[in-house]
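Residue strings, one per chain:
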Amino acid sequence: MRIRSVLIGSIAATATIVLSATAASASVNIDPTTGIGFIGKGNVQNALGYNNAALQKAVDSKSLAFTYKQSTSQSLSQDVTQVGSQVGSQIGVQSGTQTGTQVATQVIAQDLTCTFTNGNGTKTFHRDGVRSGERTGTRTASHVGTREGARDASRAGTRTGSRAGVLTGSVSYALDVDARKANQYTGFIVNGWQGAPSYEAGDTRWNSPTSFGDWSFGDWSFGSWSFGSWSFGDWSFADYQFEPVDNVLWGEWDAAPGENPADCLRSANADKITALSNVITPGAITDGPVTDGAITNGAITPNLVTGGTITEGATTYGDIQTGVRTPAGPAQLFVNGKAL
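Note that this is a predicted model, so its numbers are computed, not measured.

Each value, and the rule that gives it
Residues numbered from 1 in each chain as written. Predicted model: local features only at pLDDT ≥ 70, side-chain atom pairs only at ≥ 80, totals over all residues. Heavy atoms only, no water. Helix = DSSP H or I, 4+ residues; strand = E, 2+ residues; numbered from the N terminus. Buried < 20%, exposed > 50% of the residue type's maximum accessible area, 1.4 Å probe, protein only. Areas by Shrake-Rupley, 256 points an atom, 1.4 Å probe, with all protein chains shown as cover. Patch = residues over 30% accessible without salt bridge, like charges linked within 9 Å, V, L, I, M, F, W, Y side chains within 5 Å. Salt bridge = Lys/Arg side-chain N within 4 Å of Asp/Glu carboxyl O. Polar contact = N/O pair within 3.5 Å; in protein donor to acceptor, adjacent residues only side chain to side chain. Contact = heavy atoms within 4.5 Å. Pairing = 2+ DSSP bridges. Disulfide = S-S within 2.5 Å.

Novice: How should the overall build of the chain be read in this particular structure?
Specialist: A count of helices and strands for the chain gives three helices and 20 strands. In the chain, which comprises 340 residues, the share counted as buried stands at 31%. On the chain, roughly 19,000 Å² of surface is accessible, and the fraction owed to carbon and sulfur atoms is 49%.

Rendered as structure tokens:
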């Protein structure tokens with residue numbers, strides 16, 4: 001007689017599992033890989049509390065169901081991605097040029113000498129004056145600035161190994177069982193698993209993410225530069241451009257009483273003068289203040305960016321990759337829900 005029952009368990013181990021019973025005729029010898037083996041009559045009777053008649057009745061009515069259960073474990077892995085952000089600061093140097101004008105005054109001396117042929121002798125005259133001037137110049141400048149920036153980042157990791165999970169459950173099979181008897185049944189020949197396994201997952205446990213790669217950063221997004229004061233070099237001036245002699249502010253002539261410098265310069269006396277010297281001598285220049293002009297900004301030369309602390313953001317988990325289920329505990333055979 002053939003009896004079909006359902007076996008619930010995991011993917012079975014390859015070694016033969018032998019379960020012994022207390023009765024003299026009791027023995028269980030099942031290969032969990034194939035589901036082929038023998039279950040002794042005494043094992044079934046002990047488990048169910050049946051006598052021979054009750055067992056015979058159960059066999060005849062096909063009410064015996066053999067099941068098989070085994071806990072399993074399963075490794076898991078999962079790709080993870082974490083976002084982050086980083087602030088940074090950057091120093092830059094900007095060059096510039098500035099124009100300026102400077103005023104000055106210059107003292108002027110005039111010495112006039114003439115010798116007359118009419119017996120009037122030689123006359124000498126002297127006077128001092130002052131005149132204004134102006135010059136233009138340029139100077140270079142530089143100043144240091146800073147600007148703040150931010151950039152986004154991401155990094156990839158996995159849960160392989162450090163985030164192993166465990167699944168436990170059972171797999172269901174169908175059994176072909178041939179009753180074997182002489183004068184009465186002595187046991188059951190199990191002809192093998194039938195049907196696909198049925199797996200029931202247990203709790204999943206993960207460790208914290210630890211296996212991250214390096215951060216991958218996007219481009220910096222900077223704000224405006226904030227510059228300090230200009231640091232100027234020395235002025236480079238052109239020569240002063242002074243007013244002509246006609247515009248000199250002269251002082252009084254230094255002359256003897258009754259003498260007039262015009263006597264030397266009057267055209268009517270030209271034929272009476274044998275020697276004439278009229279020398280104007282520029283003197284010392286007194287610099288005045290410089291009037292600063294506009295600064296023309298030059299190019300900004302950025303230096304390296306100094307990155308700040310990375311602020312870690314949310315972590316996104318990918319699909320779970322499952323490993324092979326392996327036995328995690330002893331296998332157990334049941335008849336009508338009672339352990340053999």
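What follows picks up the thread again.
Novice: Honestly, a nonpolar patch on the surface in this entry has me stumped. Any pointers?
Specialist: Residues Ile-91, Val-93 and Val-144 make up a contiguous nonpolar surface patch of roughly 220 Å² in combined accessible area. Considering the arrangement of structural elements, one finds Val-93 in strand β6 (residues 72-116).

Novice: What exactly am I supposed to notice about the side chain of Gln-106 here?
Specialist: Note on placement: Gln-106 falls in strand β6. A residue is classified by how much of its surface remains accessible, and Gln-106, at 6% relative accessible area, is buried. One polar contact links Gln-106 to Arg-131, side chain to side chain, over a distance of 2.8 Å. Of note is the side chain of Gln-106, whose polar atom sits 3.3 Å from the backbone oxygen of Gly-283. Not counting chain neighbours up to four residues away, the residues in contact with Gln-106 comprise Gly-129, Val-130, Arg-131, Phe-242, Pro-282, Gly-283, Ala-284 and Ile-285.

Novice: Would you take a moment to explain the pairing of β6 for this structure?
Specialist: In summary, the side chains of a regular strand alternate between the two faces of the sheet. Strand direction decides the pairing type here: β6 and strand β18 (residues 273-327), joined by 36 bridges, are antiparallel. Paired with Leu-76 across the strands is Thr-322, a residue of β18. Here β6 hands over to strand β7 (residues 122-158) after five residues, with Gly-119 in that stretch at a positive phi of 90°.

Novice: Explanation requested: the side chain of Arg-127 in the structure shown.
Specialist: Relative to the helices and strands, Arg-127 is located in strand β7. At 2.7 Å, the side chain of Arg-127 and the side chain of Gln-110 are in polar contact.

Novice: Sorry, what's going on with the environment of Gly-40 here?
Specialist: For Gly-40, the position within the fold is in strand β4 (residues 36-40). The buried category is assigned to Gly-40, whose relative accessible area is 0%.

Novice: Would you take a moment to explain the state of the cysteines for this structure?
Specialist: Put plainly, a disulfide is one covalent bond tying together the sulfur atoms of two cysteines. Taken as a whole, this structure holds one disulfide when the rule is applied. The residue that forms a disulfide with Cys-114 is Cys-264, at a sulfur-sulfur distance of 1.8 Å. Given an S-S torsion of about -55°, the disulfide between Cys-114 and Cys-264 has left-handed geometry. Taken as a pair, Cys-114 in strand β6 and Cys-264 in helix α3 (residues 262-265) lie far apart in primary sequence, 150 residues in all. An identical accessibility class is assigned to Cys-114 and Cys-264; each is buried.

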